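Given next are the chains, with one letter for each unit.
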Amino acid sequence: MHIRKYDFNYGRRQLMKNVAMGAGAGVLMPLSKLFAAEQSIAKAYPDELMSIEMYTKGKIKPGDFITAQNVDVVKELLDPIVYDQIKTMNRKIKIRATETDLTKMFPYEYYDATMRNLKNGLAGKFNADGNVVMPDGSNWAGGMPFPDPKTGDEVQANMAMSWGRGDYNQYAINDTVFNPDGSKGYSYDLVWAELQVQGRCDGKVFRDMKDLVRLQTVLFTATQDVAGSSFLSTWYYDQRKFPDLYGYLPQFRRVRQFPTNQRFEPLIPGVTWFLSDAWAAGDPMRTWGEYKILERKPMLGAFNSNWGGADSDNWVHNVHGGPTGETFFDVEYELAPEVVVLESKPVGYPRSPVGRRIAYCDVRNSLFCGCIRFDRQDKPWVNFEAGFGQYKAGDKEVKGPDGKNTAWSWTYVMSFDSQTRRMSRIAHQKECTGGYQSIFKQGEDEKMYSRFFTQQALQRLGQV
Amino acid sequence: MNSTRFRIAAWVMAHRGWAALFFALVTLGFAAGIPGVTIKTIFSDLLPKDDPFVQVFKDHPNFGNPLTVTVMIKRTDGQDIYNPETLGKVWQFTRDIDLTPGINHDSLISIATEKARYAEATPDGVDMRPLMEDSVPDTDEEIADFRRRVEQSPNVRTFYVSGDETATLVTAAFLENLLEYDVVFEQVQQLAEQYRDEHHELYVVGQPILTGWVYKLQEQTYTIFGITLLALVVALALYMRNVAGTLTPIVCSATAAIWGFGLVGWITSPIEPLLMIVPLLLIARSFSHCVQFTERFYEIYAQIKDKRKAAEITMGVMMAPSILGVITDALGIVFIAVAPIPAMERFALFCGFWAFCIIPTGVFLISILLSYLPAPRNIEAIVAEKDDAGFHALQKRALERIASRTYGPKARLTTAVFTIIAIAAIALSFQIKIGNPVEGSNLLWEDSDFNTAIRAVNDHFPGVNTLEIVLEARERDINNRIARTPGVVEVSMAIQAMVEADETMPPRATLSFTDYMMEGNRLFSGGNPKWLPLDPTDSAVRAAGNAVVFGTNPVNFSHITDFEFQNSTISLWYKDNKQETVDAALASARRAVEAVGTDHEAFTVRLASGTIALQQAMNVVVSRYHWLILGLLNFAIFVVATYAYRSVVAAVIVLIPVNLSNFLLTATMHVMGIGLDINSVMVAVLGVGVGIDYGIYLLSRICEEFTSQGHDWGKAITAALTTTGKAIMFTATIMLIGILPWYFLSDLKFMADMGLLLVAIMLINMVLALMVLPLLVWLIKPKFAAREDLMVGESVDLTQFMDSDPPSAMRAVPAAG
């Protein structure tokens, strides 16, 4: 017989208390202790925060779908824009059981680096400039700097220091834009290449570029009109500095330098998202500010979500909903026992049309399941919903950089402009037009650098 | 009295309880539909739907910025905008307008936004930077550098900074699904007021603002409606001076109104508030009908002393003339629907049905009410008051004098005068111009804030008078963006070159997406103007398109191409929208389009949208339907009048004065420099519908008097004018009370114009009915006048209904309602 030691709302009350006290994650015990001891997180939370069935008193259980008919039962657990999509746009979401195994919530290498730091008693801190550094003041050497974040800054730093949580990430992507009437307006194929220069899992500094944190390139391969066009961003370690942004148009053989502070426009015509939105940390961390934990609460989100490989060989999820039945991916949500509702403001952009951003971050791995950009009237504008998880479904599996452990990455993004009612539906595919593939590999950084991250590289890519 | 009319009357009164219940139930049924009534202006529904220009506009509503608010910030003390104070205002205004609900944040552009950019060539390519950095230029050096940047940005230089550098624009588009016109209007106007000072004036224009003005002034419309209604009720009470006589017209008119509103509520057809003057006309008409009916009832009741019997007789007597009168009113409204303008069609259904409802309420319901309501104690006084003292005597003498001019020897002079007037009026009326252009909106006065702002913007920038030539993609294919293909580039450039070289009317400016692509091509090719032209290859044009659109939102080009770069437009700006400009602009565009051809492999060239084209569409619909509607109405009335009088000559006699009224009105408008527009068409049609009543009643009376006055035309005319003529004057007065205040009180020019024109035509109709109709009768001396079986006759021998009193055939007091 299972004896309940706490009343039903104990967990939520305790989370509220934790916010007031500035405490870290965990209700029954600090999550960090379980993290360090590599134990199940179930011990940190009462049952109703670990089970959607208990939370909803049996109304919804794993395997059920959240639809317009029952969404009100879990309204308080959802991103409000997602709630609206379910309620009014025929979206439905399958519910899965809450994951308790922390090792499944990270790429193996990143988890390993984080554990290494924990065992060595190394934790990140902010220097006088607000940048994350090692205890000795040197640049951060890799892994999650704040495994038990207690402040908004720490949560943001966990997301900002290493976007894809790998040393080299290459994603083959399709971004399809749906008009309010459900018709397709744009469909781009692109390759997103991301080379972590510092804060790497291997603890090294790439080419001794100590002033940089990452290099990142976007290369468009379809549609025909944009094929060969690319953007290169050079990110400084100093999070107060704007990245350099260059665009390359192959037909002109010219590089266009974009204004560094122009972050609130779509990179390409039609898409709903700004550079600012990506990773809930698309701008240098210190060009935003006033990071504040508004709330700690349980939440439904695409944490440890299903991988599209189960639906298609190219890893693209099946679709449903919206005016033409294509607007939403078939994705699964789980109940995260504790999510930090993190508010931040674009303090470094005097002309920003954005008033603030709210990101929903899972304390288990300090990753967002979605963020909402609000306009200056404080009306919800665009959300950026992302699913992360292991690349494994039944007997299908993709191996990670070490070739042994299961790959882990983002699986999809849906960015919905709730004002114009446009949707950017982004798939992390196995392959995109031009033959580019998603890659989880180690040891090819030099090769990738010359392939993607120089102005000459952009020109070469444009010739393809 | 065995005629059908009297049999119906007898049956209704025999079952008056059931009939009353029937009216109550039907009224409740219609009243239940009233919550579904929506009163709103749908601007696009004011345009003729079958016009090819309007179809282009509806297919491509985005071209021409219908959802954009444009604010011009003007330095008024002679300085230019390049100073910290003005630039600071532009910066902060831009920030503040972004707080307006429903704004599309991506679309906000001013010289203070990052979207206004300049480009500089660098060794590797091109560096595109915002004109203004992250703060307002403050020092002399910063301001000089800012001015240099503006000069390096040709688009900004043309469209965002005026030629004399004293004014700049802030443009913001709104999202249709979130746009609340009244909120946007209030907030932007408030903001503009806040930023005005002794050195700066702000002008606010754009379709959302125009809509805001119309909505705001519609609130005023309801006030005027209330005032006018009150005036009508007061006039009614003063005239009747008893409760039953006042209450009956109000109940009957209200019932007809409930039926009319109920119908549109049930079928959820929105009511156009700009036309609210016509319902008031209907209320006035309903009052007038009811007053005549009630007066007649009192006269009969004074003799019969039995309310129910008196009501039955009145119903029998008044049925035919009332129904005929209402039918002519209603036909005048219904025929408006012939013009294919959706708002007018809906309006004709609403008001036409309402008008027809005056038949059951003004004939049957009124009789039932009068039979139940207590008879006034002053019945003898009411009946005896007529014709003998004060104003009535004065009126009588004036009418006798008028009558004396219409027969006998004096008629020759009157005939000569009216013949000359008629010839002159017809000759002048054919010279009237079609179209009544106002720079800005014809809904508002020339000196209204909005039209003043439009003129100011037109004075400083290419302006708002555009002609849009649309290049419409045959297929929507996300792999082939037609607006960025060589075919479109070639056609755009050819058309722009041809119209710009037009000798008669070159546009002030032209713009197409090709212009943006050429500029992109130049910049990415190193900045030399020799790189402006695009190679006519897919790859070159695609590249130039990408150079423009990368890093931006397509909504920034929504004035010139759609979100997906499939359809695009060539915008031509003209100095005004006067008819000669409209004609020349369209001729020039037609020549250019003819030269390049309309059908191309991937797209079609469609003429046209924009202010200029839509103005033309409104003019064309007037010229297409003006005569047709009047002709149809004349024909319908001809049939009705011929049937009623059993005489073609009678129909001709009643139609001549109303048509002459129209010619007179049109001639007067021409002399006053007013063009013929859709308002005047409506007025003409309503004028014929209402004016024909006067003729029918007067002619009927003349016929009756002709018999009773021993076939003496002069006496018959005099007797008719001093009785029915008086009633015509009463009716005209009631109408004036209902309509004239609109001219003085309404800030909506559209409504005031309608009010003035309606008043004018009603007065002209009255004068012509009183003078020209008797004159025609005198000249023609029609044979049908001697007949005693006219269905429109109102005489009745009351002795048939009386048990005792000495026989006295009482002559009917005429109705002209």
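The rules behind the values
- Counting from 1, residues in each chain are numbered in the order their sequence is written.
- Each chain gets a letter, beginning with A, and each ligand a number, beginning with 1, in the order they are written.
- Totals for whole chains, interfaces and linings use all residues, but because this is a predicted model, local features are given only for residues with pLDDT of at least 70 and pairs of side-chain atoms are given and counted only at 80 or more.
- Helix and strand assignments follow DSSP, with helices taken as H or I runs no shorter than four residues and strands as E runs no shorter than two, numbered in order from the N terminus.
- Two things to know: the radius of gyration comes from C-alpha atoms, and the globule rule equals 2.2 Å times the number of residues to the power 0.38.
- Throughout, a pair of residues is in contact if the C-beta atoms placed from their backbones lie within 7 Å.
- Backbone-placed C-beta atoms define the burial measure: a residue is buried with 20 or more other C-beta atoms within 10 Å of its own, exposed with 12 or fewer, and partly exposed in between.
- For two strands to be treated as a pair, DSSP must find at least two bridges joining them.
- An axis is simply a line fitted to the C-alpha atoms; with a helix, the fit covers only the stretch in contact. Between two such axes, the angle follows the N-to-C directions and lies from 0 to 180 degrees.
- These descriptions rest on fixed angle ranges, namely under 35 degrees for roughly parallel, over 145 for roughly antiparallel, 65 to 115 for roughly perpendicular, and the rest for oblique.
- Helix crossings fall into two classes, left-handed where the near helix is turned counterclockwise from the far one by less than a right angle and right-handed where it is turned clockwise.
- Under the scheme applied, nonpolar residues are Ala, Val, Leu, Ile, Met, Phe, Trp, Tyr, Cys and Pro; charged residues are Asp, Glu, Lys and Arg; polar residues are all the others, including Gly.
- As used throughout, domain bounds are those supplied by an automatic or database domain assignment.

Focus: the overall build of chain A
The helix and strand inventory of chain A stands at nine helices and 22 strands. Taken over the C-alpha trace, chain A has a radius of gyration of 21 Å; the compact-globule value for 464 residues is 23 Å, and the two agree within 12%. For chain A, the spread of C-alpha atoms along the three principal axes comes to 70 × 55 × 50 Å. Contacts spanning at least 24 positions in sequence make up 61% of the contacts within chain A whose residues lie at least 6 apart.

Examining the pairing of strand E1 (residues 68-75) of chain B
All names here are of chain B. Burial within E1 is extensive, with eight of its eight residues counted as buried. Here E1 shows two buried faces, one formed by Thr-68, Thr-70, Met-72 and Lys-74 and the other by Val-69, Val-71, Ile-73 and Arg-75. As paired elements, E1 and strand E4 (residues 167-173) share seven bridges and run antiparallel to each other. Bridge pairing in E4 places Lys-74 opposite Ala-167. In the sheet, E1 pairs with strand E5 (residues 200-205) via six bridges, with the strands oriented antiparallel. In the strand pairing of E5, Ile-73 is matched with Leu-202.

Thoughts on the packing of helix H2 (residues 16-33) of chain B against helix H9 (residues 243-266) of chain B
To describe two helices that pack against each other, one gives the angle between their axes and the distance between the axes. Residue and element names in this part refer to chain B. Where H2 contacts H9, the axes come no closer than 6 Å and their chain directions differ by 45 degrees. As summarised for this structure, H2 and H9 are arranged oblique, according to the angle between their axes. Considering the relative orientation of H2 and H9, their crossing is left-handed. Between H2, through Phe-23, Thr-27, Phe-30, Ala-31 and Gly-33, and H9, the contact on the second element is made entirely by Thr-255, Ile-258, Trp-259, Gly-262, Leu-263, Gly-265 and Trp-266. Split by residue class, the contact of H2 with H9 holds seven nonpolar, five polar and no charged.

Thoughts on the interface of chain A and chain B
With 37 residues of chain A in contact, the opposing surface of chain B contributes 41 residues. Of all the secondary-structure elements, those providing two or more residues to the side of chain A that touches chain B are strand E6 (184-196), strand E9 (244-249) and strand E10 (254-257) of chain A. Residue classes in the side of chain A that touches chain B are distributed as 13 nonpolar, 15 polar and nine charged.

Observations concerning the domain arrangement of chain B
Residue and element names in this part refer to chain B. Domain parsing of chain B yields domain 1 (4-44 + 214-375 + 410-438 + 646-801), domain 2 (68-205) and domain 3 (465-615). Placing a centre on the C-alpha atoms of domain 2 and another on those of domain 3 gives a separation of 25 Å. In this assembly, 11 residues from domain 2 lie in contact with 10 residues from domain 3. Counting only elements with at least two residues in the side of domain 2 that touches domain 3, the list comes to strand E2 (117-121), strand E3 (125-130) and helix H6 (154-159). The class makeup of the residues in the side of domain 2 that touches domain 3 is five nonpolar, four polar and two charged.

Here we look at the packing of H9 of chain B against helix H10 (residues 277-304) of chain B
Residues and elements named next belong to chain B. The geometry of H9 relative to H10 is characterised by a closest axis approach of 9 Å and an angle of 140 degrees between their N-to-C directions. In terms of orientation, H9 lies oblique with respect to H10. Between H9 and H10 lies a crossing whose hand is right-handed. On the side of H9, the interface is formed by Gly-245, Thr-248, Pro-249, Cys-252, Ser-253, Ala-256 and Ala-257, while H10 contributes Ile-283, Ser-286, Phe-287, Cys-290, Val-291 and Thr-294.

Quick notes on the sheet that holds strand E8 (residues 568-573) of chain B
Residues and elements named next belong to chain B. Taken in spatial order, the four strands of this open sheet run E7-E8-E6-E9, and their pairing is antiparallel. In this open sheet, the two strands that pair with only one neighbour each are strand E7 (509-511) and strand E9 (603-609). For this sheet, the mean angle separating the axes of adjacent strands, direction not counted, is 15 degrees. Examined bridge by bridge, E7 and E8 share three bridges and lie antiparallel to one another. Its bridge partner lying in E8, Ala-509 is registered against Trp-573. Contacting strand E6 (466-473) and E9, helix H3 (residues 52-59) runs over the sheet at an angle of about 110 degrees to E9. Contacting E6, E7, E8 and E9, helix H17 (residues 486-500) runs over the sheet at an angle of about 10 degrees to E8.

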